[in-house]
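Structure at a glance
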Amino acid sequence: MEQLLNLFTDEATYRLLTIVILSIFLGIEVISRVPSVLHTPLMSGANAIHGVVIIGAIIVMGKAPSHDYLALTLGFLAVVLGTLNVVGGFVVTDRMLEMFDKKKKKK
Amino acid sequence: MNMQAILALSYLIGSITFIVGLKMLSHPDSARRGNLVAAAGMAVAILATIFLYQDELGSPLHNYGWIFAGLVIGTVVGTAAAKKVQMTAMPEMVSMFNGMGGACAMLISIIEFHHLTSDFTWELYEDSGYTFFSSIPGGMLATILIGMVIGSVSFAGSIIAWGKLNGKIKDRSFKGQHVVNLGLLAIIAGLILLILVARPGMTITYFYLILALSLIYGIMFVLPIGGADMPVVISLLNSFTGVAAAFGGFLYNNPVMLTGGILVGSAGTILTILMCKAMNRSLKNVLIGSFGGGHASAGGGEAKDQGHYKEISLNDTAVLMAYAQKVMIIPGYGLAVAQAQHACHELEKLLIEKGVEVYYGIHPVAGRMPGHMNVLLAEADVPYDKLMEMEDANEQMSTTNVVMIIGANDVVNPAAKEDPSSPIYGMPILEVEKADHVIVNKRSMKPGYAGIENDLFFKPKTSMLFGDAKKVLQDLVSELKQL
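Bear in mind that the values here come from a model prediction, so they are computed numbers and not experimental data.

Criteria and thresholds
Residues numbered from 1 in each chain as written. Chains lettered and ligands numbered in written order. Predicted model: local features only at pLDDT ≥ 70, side-chain atom pairs only at ≥ 80, totals over all residues. Heavy atoms only, no water. Helix = DSSP H or I, 4+ residues; strand = E, 2+ residues; numbered from the N terminus. Buried < 20%, exposed > 50% of the residue type's maximum accessible area, 1.4 Å probe, protein only. Contact = heavy atoms within 4.5 Å. Areas by Shrake-Rupley, 256 points an atom, 1.4 Å probe, with all protein chains shown as cover. Arc of directions from axis to C-beta. Salt bridge = Lys/Arg side-chain N within 4 Å of Asp/Glu carboxyl O. Nonpolar A, V, L, I, M, F, W, Y, C, P; charged D, E, K, R; others polar. pLDDT = per-residue confidence, 0-100. Pairing = 2+ DSSP bridges. Axes fitted to C-alpha atoms, helices over the stretch in contact; angles between N-to-C directions. Parallel < 35°, antiparallel > 145°, perpendicular 65-115°, else oblique. Core = buried A, V, L, I, M, F, W, Y, C linked by side-chain atoms within 4.5 Å. Phe/Tyr/Trp six-rings, centres within 6.5 Å; stacked < 30°, edge-to-face > 60°. Lys NZ or Arg CZ within 6 Å of the ring centre and 35° of its normal. Expected span 1.5 Å × (residues − 1).

**Brief notes about the overall build of chain A**
A tally of regular secondary structure across chain A gives 5 helices and 0 strands. Written out in order from the N terminus, the α and β elements of chain A read α-α-α-α-α. Every one of the 107 residues in chain A was classed for burial, and the buried ones make up 62%. Long-range pairs, those at least 24 residues apart, make up 61% of the contacts in chain A between residues at least 6 apart in sequence. Carbon and sulfur atoms make up 66% of the accessible area of chain A, which amounts to about 4,500 Å² in all.

Structural data, given as structure tokens:
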């Protein structure tokens, strides 16, 4: 219990928790009414955004001692997969939305 | 210049672009720009991390060769895959990319866990001035463990979803699967608690046991789900990966990972619920009373005598359509697979030349994902105002002479309205029976994606036109030209 309460006295922790809670509401607010036509591109766009996890992969990789081959191999894999998530996600979303664009110009 | 301030500023910019980008993505006019805004913010955050990040002792990152090699490989492969993928295979691709993000989170946790258990002493940890959770070192361990569990569930689940969407993996379920799944979850939670509280000597063994169980859980969780419920699951897994990324944010005290992850987590959850609403199903139903799988056999397995279906020739179809006043085309995944959207547009133009009114009736989950069919038809230059959403289409149905269903099954299945025992009961459908004639193009009498029989095909108004959608449409176009 004491440990749990300490969470809130630590300023950095408290700040992070505040960000988490505000972000939850923000996410809900931002998406609340989307036409179903946009569900697929939106899902795919959000998919690309969570690729932000790649920053963690870069930090892991960059901190790994150069003799720690396990960390280097796994970290390298993590960077590759994370980049796939980010780049692939944004490109796929753009391609989908491009289709919507074209039709608008013709209209 | 204060590098750390610039890094913090870059993270702030990243967070803001994610919020703005997501907001813009939810409106048709600004969606494409929104995607670019978020991508730009991501680039800023990634580059700033590479060049400005310092660890708690103030030393910059190293191993740049490895990092850039990884970035280049990921970018080349990712771009090539994303550019090459057919519009029809889009849901698979999204699911695959999602799995990659989950795997990334999982790998980070594995590496950090090894750091923690190998050369790490808690004294050093507290002296290092590392702020977050410094009062309870267990917090870092918990963050790593939970991040790993969510990441690996998302990874395994997404790969299964990918396999199911492209037909490589079949729906599988057995009695009591949900009990087994809940049991798995309970064991995972128990093991995490054990590590956190008891700190047993064999922590590493337990760690890998948890990893293995999480992967198994991810597989078991998605395996029984099928049919039109797949998009919902993909969206759910998407928000899981978001949460996994947010745990990474906790681990590194990194605000942009935190906001990005949580935003996707909560937005994804809401999106999941919206999709369920669009199909009139509850999330619980999707997860527990799975489509297809065991239930499908109840609906489709009993070979009840449904009477006979009648076939119609190409020529008759052409005549029927050419002399109709109003024709509605209902495209489904069959059209998408056959890449028949262009042929379909051709047919539509020809009919309009002959003075026929032509509309498309689009079910919200036509194709493999919500809005998927709109993307496909837009690719073929079908004018936007010809696309009618389900409710509008249903209103027009009674004044429509001919309904042409191309490769769609479940979205026109009357069982959704009439048969409470059907697994798709309650899902809104296109009420094609109200039209004068219904022509169904399919390759065979085999049931559709959800694996259930469709009474519609045996109704007196319905005629079947067998064949590959593209071939049939092309033949229909040439028939029409000769009329």
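**Quick look at the overall build of chain B**
The number of helices and strands found in chain B is 19 helices and 7 strands. Residues counted as buried form 57% of the 483 residues belonging to chain B. Summarising the internal contacts of chain B: among those between residues at least 6 apart in sequence, 76% fall at separations of at least 24.

**Details of helix H13 (residues 314-322) of chain B**
When we look at burial in H13(B), the residues that qualify are Thr317(B), Ala318(B), Met321(B) and Ala322(B). Seen along its axis, H13(B) keeps its buried residues to an arc of 120 degrees; they face one direction.

**A closer look at the interface of chain B and chain A**
Tallying the contact residues gives 105 residues for chain B and 88 residues for chain A. Our count for the contact surface shared by chain B and chain A stands at 1 salt bridge. A salt bridge links Arg32(B) to Asp94(A), with the shortest nitrogen-to-oxygen separation between them at 2.9 Å. The element contributing the most residues to the side of chain B that touches chain A is helix H4 (residues 90-118) of chain B, with 17 residues. Grouping the constituent residues of the side of chain B that touches chain A by class yields 63 nonpolar, 31 polar and 11 charged.

**Comments concerning the confidence of the model for chain B**
In low-pLDDT regions, the fine details of the predicted coordinates are not to be read closely. All names here are of chain B. Averaged over chain B, the pLDDT score is 84; the fraction of residues at 70 or greater is 89%. Predicted confidence is poor over residues 120-136, with pLDDT under 50, and the contacts of this stretch with residues over four places away or in other chains come to 36 contacts. Counting contacts from residues 290-304, a segment whose pLDDT is below 50, to residues more than four positions away or on other chains yields 26 contacts. For this predicted complex, the interface score ipTM comes out at 0.91, alongside a pTM of 0.80.

**Looking at the sheet that holds strand S6 (residues 437-442) of chain B**
All names here are of chain B. An order of S1-S7-S6-S5-S2-S3-S4 is seen for the 7 strands of this open sheet, with the pairing classed as parallel. Edge positions in the open sheet fall to strand S1 (310-311) and strand S4 (387-389), since each of these has one partner strand only. The pairing of strand S5 (residues 402-406) with S6 spans 5 bridges and is classified as parallel. The residue bridging Val-403 from the neighbouring strand is Val-438, located in S6. Lying on the sheet, helix H16 (residues 372-379) is in contact with strand S2 (326-331), strand S3 (357-362) and S4; it crosses S3 at an angle near 145 degrees.

**Focus on the packing of helix H3 (residues 39-49) of chain A against helix H1 (residues 3-25) of chain B**
Contact geometry of H3(A) with H1(B) gives a least axis separation of 10 Å together with a crossing angle of 170 degrees. Considering their axes alone, H3(A) and H1(B) lie roughly antiparallel with respect to each other. Along its contact with H3(A), which presents Pro41(A), Leu42(A), Gly45(A), Ala46(A) and Ile49(A), the element H1(B) presents Phe18(B), Leu22(B) and Leu25(B). When its residues are assigned to classes, the contact of H3(A) with H1(B) shows 7 nonpolar, 1 polar and no charged.

**Observations regarding the environment of Tyr323(B)**
Here Tyr323(B) lies in the loop between H13 and S2. Sequence separation between Tyr323(B) and Ser10(B) is 313 residues, and the spatial gap between their C-alpha atoms is 63 Å.

**Describing the nonpolar core**
Among the nonpolar cores identified, the biggest contains 133 residues, and Ile31(A), Ile55(A), Leu22(B), Ile210(B), Ile330(B), Ile405(B) and Val432(B) are the most heavily contacted of them. Not counting chain neighbours up to four residues away, the residues in contact with Ile31(A) comprise Leu42(A), Leu22(B), Ala267(B), Ile270(B), Leu271(B) and Leu274(B). Listed in part, the 56 residues of the second largest apolar core include Phe97(B), Tyr333(B), Cys344(B) and Ala380(B).

**Here we look at the environment of Ile270(B)**
Its place among the elements puts Ile270(B) in helix H10 (residues 255-278). Along the chain, Ile270(B) and Ser235(B) lie 35 residues apart, while their C-alpha atoms are 9.4 Å from each other. Among all residues touching Ile270(B), those that are not within four sequence positions of it are Ile28(A), Ile31(A) and Ser32(A).

**As for the pairing of S6(B)**
Consecutive residues of a regular strand have side chains that alternate between opposite faces of the sheet. All names here are of chain B. Counted residue by residue, S6 has 5 buried out of 6 residues, so it is predominantly covered. With 5 bridges connecting them, S6 and strand S7 (residues 462-466) associate as parallel partners. Bridge pairing links Lys-442 to Phe-466 in S7.

**Section: the packing of aromatic side chains**
Residue and element names in this part refer to chain B. Counting across every chain of the model gives 11 aromatic pairs over all chains. Aromatic pair Tyr-217 and Phe-221: ring centres 5.9 Å apart, planes at 5 degrees, arrangement stacked. Here Tyr-217 pairs with Phe-221, and both are found in helix H8 (residues 203-222), just 4 residues apart, close to one helical turn. Just as Tyr-217 is buried, Phe-221 falls in that class too. Each ring, one from Phe-221 and one from Phe-240, has its centre 6.3 Å from the other, and the planes form 25 degrees; the classification is stacked. Here Phe-221 is found in helix H8, whereas its partner Phe-240 is found in helix H9 (residues 230-251), with 19 residues between them in sequence. Overall, Phe-240 belongs to the partly exposed group, its relative accessible area being 27%. These aromatic residues form a ring-pair network of at least three members: Phe-51, Tyr-64 and Phe-68. One residue, Lys-386, lies across the ring of Tyr-359, its end atom 5.5 Å from the ring centre.

**Some details on helix H2 (residues 11-31) of chain A**
Residues and elements named next belong to chain A. Helix length check: H2, at 21 residues, gives a terminal C-alpha distance of 31 Å against a target of 30 Å (1.5 Å per residue), a fit within 8%. When we look at burial in H2, the residues that qualify are Ala-12, Thr-13, Leu-16, Val-20, Ser-23, Gly-27, Val-30 and Ile-31. Buried residues of H2 fall within an arc of 120 degrees about the axis and therefore sit on the same side. Opposite its buried face, H2 presents the exposed residues Glu-11, Leu-22, Phe-25 and Glu-29, each directed more than 90 degrees away.

**A look at the pattern of salt bridges**
All names here are of chain B. Per the counting criterion, the structure on display carries 4 salt bridges over all chains. Lys-459 is paired through a salt bridge with Glu-433; the nearest N and O atoms lie 3.4 Å apart. Taken as a pair, Lys-459 in the loop between S6 and S7 and Glu-433 in the loop between helix H18 (415-418) and S6 lie far apart in primary sequence, 26 residues in all. On the accessibility criterion, Glu-433 (29% relative accessible area) is partly exposed.

**Description of the packing of helix H4 (residues 54-63) of chain A against helix H2 (residues 31-52) of chain B**
Axis separation between H4(A) and H2(B) bottoms out at 10 Å; the angle between their running directions is 10 degrees. One way to sum up the angle between H4(A) and H2(B) is to call them roughly parallel. Each of Ile54(A), Ile55(A), Ile58(A) and Ile59(A) in H4(A) lies in contact with H2(B), whose residues at this interface are Ala45(B), Ile46(B), Thr49(B) and Ile50(B). Of the residues in the contact of H4(A) with H2(B), the class split is 7 nonpolar, 1 polar and no charged.

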